[in-house]
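Analysis of the macromolecular model
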Amino acid sequence: MRRLICFLMLICFARLSASAQTSAAVPLQVLPSGHIAVEAYINGHGPYRLILDTGSPITLVDTRVAALAGLQAGSQSAAPSLFPAAFLKVKTFALGNAALNNLNVVVMNHPVVSILNQVEGPIDGIVGLSFWGHFHLTLNYASGTLLLRQGSYSPPNIVNSVLARFSVQGVRMLKPAGEWGMVVHARKKGGRGVRIARVYSGSRAAQGGILPDDVLLSIDGRWTDTLEDCYRAAEMVQPGKTVPVKVERAGKKLVLQITPSRGM
Amino acid sequence: MEMDNDCMKRLRRSPFAACLLLLCMFCKSAQANTPEWSIPFSLSDVGHVLIRARVNGAGPFTFIMDTGAPTLFLSPEAAKKAEVTANAQHMAVVQRVHLENGPTLQNQMARVVSLAQLAGMNNLNLSGEHLDGVMGFTLLSQFQITLDLSHRHMLWKQVQYHPMLQIPGGTGRELMLQKQEDQTQKQMRGMIKMAVSMLGGGKSQPAARRPLYGFLLAGEGKTVVVKRVLSGGPASLCGIEPGDRLIRLVMPGRRFTNVHSLPQALKDLNSAASSAGVVLVFMRGAKRIKTTLTPQTGGM
């Protein structure tokens, strides 16, 4: 019995120590307005109180904090000159133990931050996707916890992305990432899903059990109400990955497993 | 069996061990029973996490997942489609919000307003998708959310949390917040209107869909080779075979291009949105073959 207890305790301890090594627990405060306040250190200065905002592509600090943290114009990066803000590179930006070097930060007195500053006490800026997008994030309002673990994703420079949107001519082209081997048509009578018009013999769609006249309802959990939906969903499925595909056949809903192959 | 009996006897003798074991079992079963969902998301061209939901059965609508927003925001157009009626303060209770591949939430608080930011992004077609609203605190806080942008889904686990709802017209503090927010929206609308007039609005067009060719191309140095052909597919029907080397292609309405690399060939082929024929020139051994491939519209 002692051995059993020791074993159970060892498992619990092992789980705790593994998570402590790989995750940074960031204390957060849920404000009465529903915003999440976190403490940030910029170039070793701080803490400053910022809003964690998954709706903001950029990380932003106000001019007061920029001055306090010693953000210099010399670290300015390329940016549109007409924009009423400075685009700087920050040497280190940290929430708890989660830190990044050379982070692009916008310095401006944003009107929303100013409002929150008046209503919720000192708020110095916004932590946006340019920071948190680098991490595997777990957010729990109920327990007041934010866990950040180093991820593999590197967010794009949003200023460049916005400028690119304006330079791109023509319409956006949707293309499945892999080859499914089937043809989809819009439903004539309306209703949810698209109709499978044809399944190529020996294709991955055929191997997975899709039949002509099935109504395709979702691919990997994404609704396929329209042809555009269907293509957007297929864009997300990499060749070789097996995903659930929901179809309606003779009034019954079925979930099939399909693995698209490489090809176009 | 003897071992099991022995173990049970020991457990009876040691209440501490029995309690610990029960606790472990309870924790495990409670963890297993917590509902969780794999919610698909996409990342917009300008860095917003987008999730979809049906509202009162209508939609799907596209929302920005936004911890910087206090509640669920619906555009007036989406609210109309979903038959959501707001009061004089633009607040409403939405009967059903069905998250894509996720749960259906009942009686969710929402604000029905035209947010200047969303209107601006839609007018300038910045996002790549039409945006119908924002999901904020009152909805998001009912879940533990695990998100990694290198994945295609995020994990939403239900938690016992009942967020306080902010109703404009409540306390003086809330009124102040609301008033200032409305003022900011007004300012932003002016700025965005100016941006739309400068940059040109109304660019939003439905996306095009690349048709199916029915082959797999591979790059071997500077040559591009057909590795596989879909049986009965467009490439197969025009006589293309595995091993053929693609040397030239003519996309509809364009001049020919000599093929020097796989990325270049894929870029050209991926730009076709119709089933108009593509002229391809191949080498099969020493033989030069010219053929017209008619890609399959709706094929994938």
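Throughout, a residue's number is its position along its own chain's written sequence, starting from 1. Labels are handed out in written order, letters beginning with A for the chains and numbers beginning with 1 for the ligands. Confidence filtering applies because this is a predicted model: local features only for residues at pLDDT of at least 70, side-chain atom pairs given and counted only at 80 or more, and all residues used for totals across whole chains, interfaces and linings. Calculated side-chain values reflect all of the structure's heavy atoms, with hydrogen atoms and water omitted.

On to the pattern of salt bridges, then. What makes a salt bridge here is a side-chain nitrogen of Lys or Arg within 4 Å of a carboxyl oxygen of Asp or Glu, nothing more. In the structure shown here, the tally under the stated rule is 16 salt bridges over all chains. Of the charged contacts, one joins arginine 64 of chain A and aspartate 124 of chain A as a salt bridge, the two residues approaching to 2.6 Å between their closest N and O atoms. On the criterion of sequence distance, the pair formed by arginine 64 of chain A in helix α2 (residues 63-68) and aspartate 124 of chain A in the loop between α3 (111-120) and β7 (125-127) is long-range, its members being 60 residues apart. For every residue, the accessible area obtained with a 1.4 Å probe (protein chains only) is divided by the maximum for its type, and the residue is called buried under 20%, exposed over 50%, and partly exposed between those limits. Note on aspartate 124 of chain A: relative accessible area 5%, which makes it buried. For aspartate 225 of chain A, the salt bridge is made with arginine 54 of chain B, and the minimal N-O distance between the two is 2.8 Å. With aspartate 225 of chain A in the loop between β14 (222-223) and α7 (227-235) and arginine 54 of chain B in strand β3 (residues 49-55), this residue pair bridges two chains. When its relative accessible area of 15% is taken as the criterion, aspartate 225 of chain A is described as buried. Salt bridges sharing common partners tie together Arg172 and Glu235 of chain A together with Asp45 of chain B. Elements are defined by DSSP. Helices are runs of H or I of four residues or more, strands are runs of E of two residues or more, and each kind is numbered from the N terminus.

To continue, consider the confidence of the model for chain B. For every residue, the pLDDT score states the predictor's confidence, bounded by 0 at the bottom and 100 at the top. Mean pLDDT over chain B works out to 84, with 75% of the residues at or above the 70 mark. For this predicted complex, the interface score ipTM comes out at 0.85, while the overall pTM is 0.83.

Of note, the bond from glycine 46 of chain A into proline 47 of chain A is cis; its omega dihedral lies within 30 degrees of zero at 5 degrees. Residue placement: proline 47 of chain A occurs in strand β3 (residues 45-52). Even without being a glycine, aspartate 213 of chain A presents a positive backbone phi close to 75 degrees. Take aspartate 213 of chain A: it is sitting in the loop between α6 (204-207) and β13 (215-219). Here aspartate 213 of chain A falls in the exposed class, since its relative accessible area comes to 54%. One non-glycine residue, asparagine 56 of chain B, adopts positive backbone phi at about 50 degrees. When you line up the elements, asparagine 56 of chain B lands in the loop between β3 and β4 (58-65).

With that settled, the discussion passes to the interface of chain A and chain B. Residues count as neighbours in contact if any of their non-hydrogen atoms are within 4.5 Å of one another. Tallying the contact residues gives 77 residues for chain A and 93 residues for chain B. A 1.4 Å probe defines the accessible area here, and the buried area is the portion of it lost by two parts on being joined, summed over both. A combined buried area of about 7,600 Å² lies between chain A and chain B, and 60% of that area is made up of carbon and sulfur atoms. The salt bridge partner of arginine 52 of chain B is aspartate 229 of chain A, with a shortest N-O separation of 2.9 Å. Here a polar contact is recorded for every N or O atom pair within 3.5 Å, except that within protein the pair must consist of a potential hydrogen donor and a potential acceptor, and residues adjacent in sequence are included only if both atoms are side-chain atoms. At the boundary of chain A with chain B, the tally comes to 37 residue pairs in polar contact (both at pLDDT 80 or more). If one sorts the elements of the side of chain A that touches chain B by residue count, α7 of chain A sits on top with 7 residues. By residue class, the composition of the side of chain A that touches chain B is 41 nonpolar, 20 polar and 16 charged. Pairing between strands is defined by DSSP: at least two bridges between the two strands are required. Relative to strand β9 (residues 143-147) of chain B, strand β8 (residues 135-140) of chain A is paired through 4 bridges, and the arrangement is antiparallel. The residue of β9 of chain B that forms the bridge with asparagine 140 of chain A is glutamine 144 of chain B. Charged residues are taken to be Asp, Glu, Lys and Arg, nonpolar residues to be Ala, Val, Leu, Ile, Met, Phe, Trp, Tyr, Cys and Pro, and polar residues to be all remaining types, Gly included.

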